[in-house]
Amino acid sequence: MDKEENQSEKKNKEKPRFDFGNNRFALLFIVLLVGMIFFVMVNNSNSGSSRIAYSQFLAYLEENRIASVEITDQREINGVLKSTQESFTTIIPYLDSTLVARLEEKGVRFTGAVKPLSFFQILINLLPWIFILLFSWFMFRQVQNNGNRAFTFGRSSAKKYTDTEKKITFKDVAGSVEAKRELEDIVEYLREPESFMQIGARVPKGILLVGMPGTGKTLLARATAGEAGVSYFHISGSDFVEMFVGVGASRVRDLFSTARRSSPCVIFIDELDAVGRTRGAGYGGGHDEREQTLNQMLVEMDGFEPKEGIIILAATNRPDVLDPALLRPGRFDRHVQVDLPDMKEREEILKLHVGKLPTTDDVEVEKIARAMPGATGADLANLANEAALFATRRKSQTVSHSDFEEARDKIFMGMPRSSRLLTDEDKIKIARHEAGHALLHYFLKHADPLHKVTIIPRGQALGAAFSLPERDQYNLEEPYLLDRIKICYGGYIAEQLYYDKTSTGVKADLKQATEIARRMVIEWGMSELGPVAFAQENEPIFLGKEIATHKDYSEETAQKIDKAIRTILDYCVSEAKEILRGKKNLLDSLSELLFKSETLSDREIQEKLEIVPIRLADN
Ligand code: ADP
Ligand code: MG
Ligand code: ZN
């Protein structure tokens, strides 16, 4: 590859150009056209003879002043005057049937003539046909020449990143150890395709990266190319699906032929499911264009040899909807699962992104990572970025821990809303509600520790009490779930204790509690109904498959399920009420404190209220 060019064109996106096949030809064509128009205009102004009115001509005829005439196409008369030999011309304005008789009568010599069509007139008549011919010729060429000559819409819009661009390697991907290990082979192969093959190893052509959005699939693909030091082509599945029929397929062809020229290389097809859905299925009947694109992709994948040094990586979060043909051996037969990062990995990813920022010493990356359950790599990168923005807003040169806290809250709940609209009465009410949630964290054995509690309204929430899980929990146990439900009811119960009535602020809490209880009953067998799964599978729409909804239990069972859920919820409410009643003093002081400071961390609460979490006291 040309070094010079690489340096100058960084993110070398193939430039779209309106080529028109051959520029010289187009120029010639336009010159010809202009010339033609000009010529016709000049030609039309009949110089040399004076143009007279038809009535004038009739008058001359009456007066016997005309020597001879020539009638062209029965509509134009060119005549010569007897006396002066002057020539004149006139147009016959209507079909004058008496003209010939009159000319004979006056003894004028007359002849008829047909104006020969000039070359240019012929051309003008042919013009539409020429255009049609040219157009079909271009279309034909587009199909013939892989669509990389004629119109731009046949070009792949693949972004090509060359090796001189800031290189991304596996070092830039934190966590994802298993995914990286699986991609190591590919890197080896890309470094030296031939020697790799001599060993007799089978090289996969296509590797499917499967994972949720933001888990770092794109990053991994780029890192694979970067690690091997080869070119990287990026195209998104949705780029193939355009409004013009046949474009997708020609884009695929173009992409592969471009890639061949710069092998070894990595082709990365993002959102493979956009083109690769099961054929002949889905909404609105078949989608011919998509199917053509998919077929072309299959053809191309089958068409290249392992020794060519091309690896196709593709990403999707819906491997289940992919056309089975894509997953056959020799195509995307190897799958690499890119999982949500666990707590340790979140910490590593966050460290990587925080490492790029100037931070103060108080930043506890581990704690922030813990407080972001379920966050993807993209969320964490976003968190670091938001924190930096908060620091900038403070006009600070360094990012502090509170910036991260602020960023986290923003990501989870939105920007803080002005609390000025709230009266003190409202605020104390919210403080009591949140204190109810918060306090339960200390008196439940199986609950997660509290992270912090706040009454600063954000987004939809008027306040919040956050838990801080100590580890990611893949396997939840019944006592833990029950304690979670109890914490959900903390706010509701506090409102009851103080006001004897509750508010709409409990909506989300009740929903969450009910959802946990419902799943305990119908999915996890944690109720008096025993270890039975009543789950009703609700496959989301847009699967490109049949939509399946079925309930495999009777109405009678449904009632039993409802009852079991109620039993769990009632139990949790009474347990939580018991605790908060017993700790009313602490609830009072926590509400007061929260009202004043608006946000309290776990540590502050433990210190100021002198509470020891029962979870720790017991062990
Ligand atoms: P996907 O393609 O799976 O949707 P991306 O690769 O586009 O996700 O990830 C988006 C961003 O998130 C990346 O650019 C990177 O900054 C960050 N990111 C994701 N996963 C990781 C990771 N494992 N290590 C470091 N950064 C990551
Ligand atoms: Mg992506
Ligand atoms: Zn609440």
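Since the structure is predicted, the reported quantities are computational estimates derived from the model, not experimental observations. (Residues numbered from 1 in each chain as written. Chains lettered and ligands numbered in written order. Predicted model: local features only at pLDDT ≥ 70, side-chain atom pairs only at ≥ 80, totals over all residues. Heavy atoms only, no water.)

1. A look at the site of ligand 1
Logical step 1: Close to ligand 1 lie 17 residues; Ala-174, Gly-214, Lys-217, Thr-218 and Leu-219 are nearest.
Logical step 2: The contact in question runs from an oxygen atom of ligand 1 to an N or O atom on the backbone of Gly-216, over 3.0 Å.
Logical step 3: Isolated, ligand 1 exposes 560 Å² of accessible area, and the fraction of that covered by the protein chains is 79%.
Logical step 4: Elements supplying a minimum of two residues to the shell around ligand 1: helix H8 (217–228), helix H13 (343–354) and helix H15 (377–393).
Logical step 5: In terms of residue class, the shell around ligand 1 is made up of eight nonpolar, seven polar and two charged.
Logical step 6: In terms of domain composition, the shell around ligand 1 takes at least three residues from each of domain 2 (159–280 + 287–337) and domain 3 (343–413). (Near = heavy atom within 4 Å. Polar contact = N/O pair within 3.5 Å; in protein donor to acceptor, adjacent residues only side chain to side chain. Areas by Shrake-Rupley, 256 points an atom, 1.4 Å probe, with all protein chains shown as cover. Helix = DSSP H or I, 4+ residues; strand = E, 2+ residues; numbered from the N terminus. Nonpolar A, V, L, I, M, F, W, Y, C, P; charged D, E, K, R; others polar. Domains from an automatic or database assignment.)

2. A closer look at a nonpolar patch on the surface
Logical step 1: Together, Leu-117, Ile-122, Leu-126, Trp-129 and Ile-132 make up an exposed nonpolar region whose accessible area comes to about 530 Å².
Logical step 2: You can see Ile-122 is positioned in helix H5 (residues 119–144). (Patch = residues over 30% accessible without salt bridge, like charges linked within 9 Å, V, L, I, M, F, W, Y side chains within 5 Å. Salt bridge = Lys/Arg side-chain N within 4 Å of Asp/Glu carboxyl O.)

3. Some remarks on the sheet that holds strand E14 (residues 464–467)
Logical step 1: An order of E14-E13-E15 is seen for the three strands of this open sheet, with the pairing classed as antiparallel. Each having just a single partner strand, E14 and strand E15 (599–601) make up the two edges of the open sheet. In this sheet, neighbouring strand axes are inclined to one another by 10° on average, regardless of whether the strands run parallel or antiparallel.
Logical step 2: Alignment of strand E13 (residues 450–454) against E14, held across four bridges, turns out to be antiparallel. Paired with Thr-454 across the strands is Ala-464, a residue of E14. (Pairing = 2+ DSSP bridges. Axes fitted to C-alpha atoms, helices over the stretch in contact; angles between N-to-C directions.)

4. Considerations on the confidence of the model for the protein chain
Logical step 1: Summary statistics for the protein chain give a mean pLDDT of 82 and a share of 84% for residues scoring 70 or more.
Logical step 2: A low-confidence stretch, residues 539–548 (pLDDT under 50), is modelled with 16 contacts involving residues beyond four sequence positions or located in other chains. (pLDDT = per-residue confidence, 0-100. Contact = heavy atoms within 4.5 Å.)

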